[in-house]
Each structure stands twice: as C-alpha cells, then as structure tokens.
Amino acid sequence: VGTYARGVDTGEGARWSTDRALAWRMRSGEVAGEISLAEAETIASSLGLPVPESIYELDQAARARLRESVASLKEDSVPDFDTYLPATSLDGKRSGALIAHSKQPLVDVAACDAIIAECEARAAKLGGWTTERHENYPTTDVPLQRLPRALAWFRKSLLPDIAFPFLARAFGFALPAEEARIAFRVIDAFVVKYDAAAGQRLLKPHRDGSVFSFNVALNDLGQYEGGGTYFQQLERAGDVNGAEEGSLRSPQGHLLAHSSALLHGGHPITSGVRYILVAFVTVEGTYSEWAYRFYEDVRDRDKSKE
C-alpha cells in the first residue's frame, strides 16, 4: 500500500510477503527496512487502506468447512496414513510422528492432470520453467500465484477440504492448543518438475523455513523411476515400512506431510519426469513462540542423529 502522484510512488507505504507474515516499510517506492505487522497495519490505516489479503487465504465458506472438518476428527479412530519417526509434544504428554503419508489418493486424477497441463502450457508460452526462485536449494518450479486455475483450486478445495484437515490429524499431538488445528497458514506453494533427461533430477538434503511441509504427487509412479522424498533419519533406520534408501515414493494423488525441520530432499530420478505440488505451512502469529520452539526441538534432535 502507498500513495501515488502522476503514477510515481511518493511518501511512506508498506509491503507484505505473499502470506502476509512479513512486512517492510516503503519510502517513495523503495524498501526502507523490515517492520512489524502492527507497524505495517498502522501505515495502511493512516492511508485509509486495509491490509491486503494473503493470496493463500481461505474465504469464509472454505474456513467454515475447515472448522467443521476438523471438529469432526476423532483422535481414537484408525488413521488413513502411515507414520514415520515417532515423536512427542514439547511437554511430553502426547505422542505422534513427524512424517505422515496417505494410504489412499486424496487428490483425483483430473485435478492432478489439470495442474500439470497448466504448468506446461505456461512454460511453453514463456520459454521454460523457473529455475532461480530458491537461492540456496534451487528447484525447477512454477509458483502457484502464476497458475490462476491451480491457485483457485488450492485455496477453495485442497487446503480446507484435504491438506489442512490432514495436517490437523497427523500433527495435532504436537500443536499447543485445540484451536491451533485451524490456524495453519501457507507461506509458499509451487509445482516442482524433476526431469531425468534434461533439468533437475534431484534436490539436495535441506530443511524448510516453515513449521510443516507437504507435497502431492501429480503424476503416477509408472511415469518415472527413482524419485520420492528422502529423509536422512529414515535412511539411517534402514528400510522401514516401504521407505527404500530413506525415500518415500507417492502414487498419483497421494499426500506426504512432515515437520519442515527434518533434513530431507528430492531423491534422484533415473528416468522419466516427476511432478509434485509443494507447500510450506506455518501457524498464525498467536502460536509463533510454540512454532519456533517446535522447529528447534525437531531440528536439534534430527541433527543429533546425523
């Protein structure tokens, strides 16, 4: 937000990250430094403008469905996902796991195919995929904000009806309060392409800068060899419940979620092409202290086993 005179930025304004988790002060169109969200809101208010909505924000109808879905979850029911790497909550009172892998496809074939088609159509028009968006661990990807149809489906269907309820069930043991199960916020989302013949074949082990991460397999295992999401701890533990060489491979439409603090990467593909939809998830600011402590606890325990 800001003021303009004859098409030029003038005076003080504010800029937010796409998820509205960070903000910067603007002076005459130039970034003057990072500021708190409260300061950014004050600047917007002084200009008579609202804080812009996150591109990943759920609308009222989607949020209502999420509340209803999460409220219906039963803690004692049999989970519809496989779990890996047992863990406890920070207070040690509840137990769960740091990785959850759906047993059945959660996203239908038509939705998966539509996302791939939109990505490839964009790449054909613009001359290729993005390769420089993530500085430390670059991926061949397309950010979801560049895919209008996929972004609309992501906000209105995947998050409220599938992904967020899945996270609430899988990681509810770790969350600090019941209300935190509907406090998830996406900070980045993108489609990654692994191509054995040309381009990216793998992604080196790393830790994400969020609380939880999830990915959805957009094409089937028969279209490539190798691949999967690699976890160092799983490799050290040996082949556990289908994890080969520390890698979990997903058939089309399956969802894999995990703590972002775990050291993980994209296992190399040896032939074919693999597509996945990736999202980084945090929680509302109310729970920021818990999020920081949880990330550090998982990271430190993970490092101790390296």
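Okay, so let's go over this structure. (Residues numbered from 1 in each chain as written. Predicted model: local features only at pLDDT ≥ 70, side-chain atom pairs only at ≥ 80, totals over all residues. Heavy atoms only, no water.)

Further remarks concern the overall build of the chain. Secondary structure summary: the chain contains six helices and 17 strands in total. Its C-alpha radius of gyration of 20 Å places the chain within 12% of the 19 Å reference for a compact globule of 306 residues. Looking at the 306 residues of the chain, the share that counts as buried comes to 48%. Long-range pairs, those at least 24 residues apart, make up 74% of the contacts in the chain with a sequence separation of at least 6. Of the roughly 15,000 Å² that the chain leaves accessible, carbon and sulfur atoms contribute 49%. Averaging the locations of the 34 positively and 42 negatively charged side chains of the chain gives two centres separated by 2 Å. (Helix = DSSP H or I, 4+ residues; strand = E, 2+ residues; numbered from the N terminus. Rg over C-alpha atoms; globule rule 2.2 N^0.38 Å. Buried < 20%, exposed > 50% of the residue type's maximum accessible area, 1.4 Å probe, protein only. Contact = heavy atoms within 4.5 Å. Areas by Shrake-Rupley, 256 points an atom, 1.4 Å probe, with all protein chains shown as cover. Lys, Arg positive; Asp, Glu negative; His and termini not counted. Charge placed at Lys NZ, Arg CZ, Asp CG, Glu CD.)

Phe154 and Phe214 are the most contacted members of the largest nonpolar core, which totals 71 residues. The element that contributes the greatest number of residues to this core is helix 4 (residues 148-171), accounting for 13 residues. Contact partners of Phe214, with chain neighbours within four places excluded, come to Phe154, Leu158, Leu159, Ala163, Leu167, Leu255, Leu256, Ala257, Leu277, Val278, Ala279 and Val281. Grouped together as the second largest cluster of nonpolar side chains are nine residues, Phe190, Tyr194, Leu203 and Ile276 included. (Core = buried A, V, L, I, M, F, W, Y, C linked by side-chain atoms within 4.5 Å.)

A negative phi angle characterises most non-glycine residues, just as the trans form characterises most peptide bonds. Residues other than glycine seldom take positive phi values, yet Ser28 does so here, at roughly 50°. By the secondary structure assignment, Ser28 is in the loop between strand 4 (23-27) and strand 5 (30-35). Non-glycine residue Leu85 carries a positive phi angle of around 60°. Tracing the backbone through its elements, the reader meets Leu85 in strand 6 (residues 81-88).

Strands sit in the order 10-16-13-14 across an open sheet of four strands; the sheet is antiparallel. In this open sheet, the two edge strands, each paired with only one partner strand, are strand 10 (203-206) and strand 14 (247-248). (Pairing = 2+ DSSP bridges.)

According to the stated counting rule, one finds 15 salt bridges in the structure shown. A salt bridge links Arg155 to Glu53, with the shortest nitrogen-to-oxygen separation between them at 3.4 Å. You can see Arg155 sitting in helix 4 and its partner Glu53 sitting in the loop between helix 1 (37-46) and helix 2 (60-71), a full 102 residues away along the chain. Residue classification places Arg155 among the partly exposed residues on the basis of a relative accessible area of 23%. The partly exposed category is assigned to Glu53, whose relative accessible area is 49%. We note a salt bridge from Arg207 to Asp302, for which the minimum N-O separation is 2.7 Å. One end of the pair, Arg207, is in the loop between strand 10 and strand 11 (212-217); the other, Asp302, is in helix 6 (residues 288-304), with 95 residues separating them in the sequence. (Salt bridge = Lys/Arg side-chain N within 4 Å of Asp/Glu carboxyl O.)

All right, on to the side chain of Thr282 then. Residue position: Thr282 is located in strand 17 (residues 269-283). The contacts of Thr282, once residues within four sequence positions are left out, are Ala183, Phe184, Arg185, Ile187 and Val211.

One pass over the structure, following the stated rule, counts zero disulfides. Cysteine Cys119 shares no disulfide, and the gap to the nearest cysteine sulfur, in Cys112, comes to 12 Å. (Disulfide = S-S within 2.5 Å.)

With respect to the secondary-structure elements, Arg122 resides in helix 3 (residues 109-126). Of the buried charged residues, Arg122 lacks a salt bridge, with Asp141 as the closest side chain of opposite charge at 7.8 Å. Not counting chain neighbours up to four residues away, the residues in contact with Arg122 comprise Thr130, Val142, Arg146 and Leu147.

Attention now moves to the packing of aromatic side chains. Tallied over the entire structure, the rule returns nine aromatic pairs. Where Tyr56 meets Phe154, the ring centres are 6.0 Å apart and the plane angle is 70°; that geometry is what we call edge-to-face. In this pair, Tyr56 is assigned in the loop between helix 1 and helix 2 and Phe154 in helix 4, connecting sequence segments 98 residues apart. Taking relative accessible area as the criterion, Tyr56 reaches 4% and is therefore assigned buried. With a centroid separation of 6.1 Å and an interplanar angle of 40°, the aromatic rings of Trp129 and Tyr275 are classed as tilted. Highlighted residues: Trp129 in the loop between helix 3 and strand 8 (141-143) and Tyr275 in strand 17, separated in sequence by 146 residues. Take Trp129 and Tyr275: they sit in the same class, and that class is buried. (Phe/Tyr/Trp six-rings, centres within 6.5 Å; stacked < 30°, edge-to-face > 60°.)

The next thing to look at is the environment of Ser259. Its location among the elements puts Ser259 in strand 15 (residues 255-259). Between the alpha carbons of Ser259 and Glu12 there is a distance of 38 Å; along the sequence they are 247 residues apart.

This next bit is on the environment of Leu256. Topologically, Leu256 is positioned in strand 15. In this structure Leu256 comes out as buried when scored by relative accessible area, which is 0%. Each C-alpha atom, one on Leu256 and one on Ala217, is 8.5 Å from the other, the two residues being 39 residues apart in sequence. The contact partners of Leu256, leaving out residues within four places of it in the chain, are Ile99, Ala100, His101, Ser213, Phe214, Asn215, Thr229, Phe231, Leu248 and Ser250.

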